[in-house]
Every structure is written in structure tokens, then in C-alpha cells.
Amino acid sequence: VQLQASGGGLVQAGGSLRLSCKASGLTFSLYALGWFRQAPGKEREFVAAITRNGGITYYVDSVKGRFTISRDNAQRTVYLQMNSLKPEDTAVYYCAVRVYYSDEYYSPAEYVYWGPGTQVTVSS
């Protein structure tokens, strides 16, 4: 399984970025997906998740109303649209494939396959 993320970069506060993560080596539509982020000196943090058919989405409170997770199963791609970005959103963002269902959707342990990460930097 390979996940390839793109779309990160440097943006001013209030700006927008769209992250993409394309998967290969798995039947994409059978898996729920998530985005996590990790800022320097901090633990990896859940950002958003989406069910297999895209019908249900979850977000951490700090991004609700600003970020939108979506997926295109035909393109085997998951997206994270980030609007109204804040300096505290600065982090490396990771896409991930959820394999286990023994814990909550926001637990990194539920996710087995991870992308390499893409840097998002928001300047004030």
C-alpha cells in the first residue's frame, strides 16, 4: 500500500490550501480514511476522518467549520480542504487508512497505512 500526499505549502493566515492523498495497492472504497497532523514538539493529532462511502465525516473541534474532508473513490483520493488557516494549523499533515475498529476513529492506532506527510506552514 502506498499513499502519496500533495498540496502542502506556505500560506498567510486566513488563506486556504487543499491537501490531496492518492492511494494505491488497496481496494480504496473499502476503507475509512483520516487526516492527522503533528506540530514540532507535539504528539500526532487527529484532524478529520471520513467513512468508506463518504457519508459521515468527523473533525477535531479546532477545525470544525474551516476544514472539509472528502473523498473520490474512483480516483482513490482523499482530500482536505483547509480554509481560514491559522498559525496554529502549522504542522506536517498525514493521510492514513483505517484498518482496525477496536477503538475510536480519532485514535492513530486504528490506522495502519500512513502517507509520508506534507508540510503546512501558516504565517501570521
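Here the structure is a predicted model, which is why all the values come from computation and not from measurement.

### Structural notes on the pattern of salt bridges
- Overall, the coordinates contain five salt bridges when judged by the stated rule.
- Its salt-bridge partner being Lys64, residue Asp61 comes within 3.0 Å of it at the nearest N-O pair.
- Across the pair Glu110 and Arg98 runs a salt bridge, and its minimum N-O distance is 2.9 Å. In this pair, Glu110 sits in the loop between strand S9 (91–98) and strand S10 (111–114) while Arg98 sits in strand S9, placing the two residues 12 residues apart along the sequence.
- You can call Glu110 buried: its relative accessible area is 1%.

### Some remarks on the side chain of Asp89
- With respect to the helices and strands, the residue Asp89 is situated in the loop between strand S8 (77–82) and S9.
- A polar atom in the side chain of Asp89 sits 2.8 Å from the side chain of Arg66.
- Contacts of Asp89, omitting those with residues within four sequence positions, involve Arg37, Arg66, Phe67, Ser84, Val120 and Val122.

Reading the values: the criteria
Residues numbered from 1 in each chain as written. Predicted model: local features only at pLDDT ≥ 70, side-chain atom pairs only at ≥ 80, totals over all residues. Heavy atoms only, no water. Salt bridge = Lys/Arg side-chain N within 4 Å of Asp/Glu carboxyl O. Helix = DSSP H or I, 4+ residues; strand = E, 2+ residues; numbered from the N terminus. Buried < 20%, exposed > 50% of the residue type's maximum accessible area, 1.4 Å probe, protein only. Polar contact = N/O pair within 3.5 Å; in protein donor to acceptor, adjacent residues only side chain to side chain. Contact = heavy atoms within 4.5 Å.

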